[in-house]
Amino acid sequence: ELTWKLQVFVRLKWGLEYKGFPCVLADPSFWSFQCVAQLANTEQFQDSQSTGTLGEVFICCNNILYI
């Protein structure tokens with residue numbers, strides 16, 4: 001398992017945001033954020049306010065507005 005050292009924000013189409021560390025379970029040359037986003041130590045935000053921590057999340061591409 002490879003976890004990056006920089007946190008990223010993933011914004012979903014309906015406004016929720018997630019901040020966490022990207023994870024890779026497969027070979028990094030295969031990984032693409034265009035397919036999925038998997039985040040570790042994730043925090044959820046709504047209207048710029050934290051709504052809690054979730055741990056590890058897996059988000060499918062059709063829900064992602066931007067990273």
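Our structure is the block above this text.
All of these numbers come straight from a predicted model, not from anything done at the bench.

Caption draft 1: Seen up close, the overall build of the protein chain. Assigned secondary structure in the protein chain consists of zero helices and six strands. The secondary structure elements of the protein chain, listed N-terminal to C-terminal, are β-β-β-β-β-β. Scored against the burial criterion, the 67 residues of the protein chain give a buried share of 33%. Sequence separation of at least 24 residues holds for 38% of the intrachain contacts in the protein chain that already meet a minimum separation of 6. Summed over its atoms, the accessible surface of the protein chain is roughly 4500 Å², and 54% of this surface lies on carbon and sulfur atoms.

Caption draft 2: Layout of unusual backbone geometry. One non-glycine residue, asparagine 41, lies in the positive phi region at around 50°. Structurally, asparagine 41 can be placed in strand β4 (residues 36–46). Take asparagine 41: its relative accessible area is 57%, and that puts it in the exposed class.

Caption draft 3: Here's a closer look at the pairing of strand β2 (residues 8–12). Burial of β2 is one-sided: the residues Val8, Val10 and Leu12 facing one way are buried, the residues Phe9 and Arg11 facing the other way are not. Summarising the sheet, β2 and strand β6 (residues 64–66) pair through two bridges and their orientation is antiparallel. Paired with arginine 11 across the strands is tyrosine 66, a residue of β6.

Caption draft 4: Summary view of the pattern of salt bridges. Tallied over the entire structure, the rule returns two salt bridges. When the shortest N-O distance is used, the salt bridge between lysine 19 and glutamate 43 registers 3.9 Å. With lysine 19 in strand β3 (residues 17–24) and glutamate 43 in strand β4, this pair connects stretches of sequence that are 24 residues apart.

Caption draft 5: Main features of the packing of aromatic side chains. Taken as a whole and assessed by the stated rule, the structure comprises one aromatic pair. For the pair phenylalanine 9 and phenylalanine 45, a centre-to-centre distance of 5.8 Å together with 50° between the ring planes defines the contact as tilted. Highlighted residues: phenylalanine 9 in strand β2 and phenylalanine 45 in strand β4, separated in sequence by 36 residues. What makes phenylalanine 45 buried here is its relative accessible area of 13%.

Rules behind the numbers
- Residues numbered from 1 in each chain as written.
- Predicted model: local features only at pLDDT ≥ 70, side-chain atom pairs only at ≥ 80, totals over all residues.
- Heavy atoms only, no water.
- Helix = DSSP H or I, 4+ residues; strand = E, 2+ residues; numbered from the N terminus.
- Buried < 20%, exposed > 50% of the residue type's maximum accessible area, 1.4 Å probe, protein only.
- Contact = heavy atoms within 4.5 Å.
- Areas by Shrake-Rupley, 256 points an atom, 1.4 Å probe, with all protein chains shown as cover.
- Pairing = 2+ DSSP bridges.
- Salt bridge = Lys/Arg side-chain N within 4 Å of Asp/Glu carboxyl O.
- Phe/Tyr/Trp six-rings, centres within 6.5 Å; stacked < 30°, edge-to-face > 60°.

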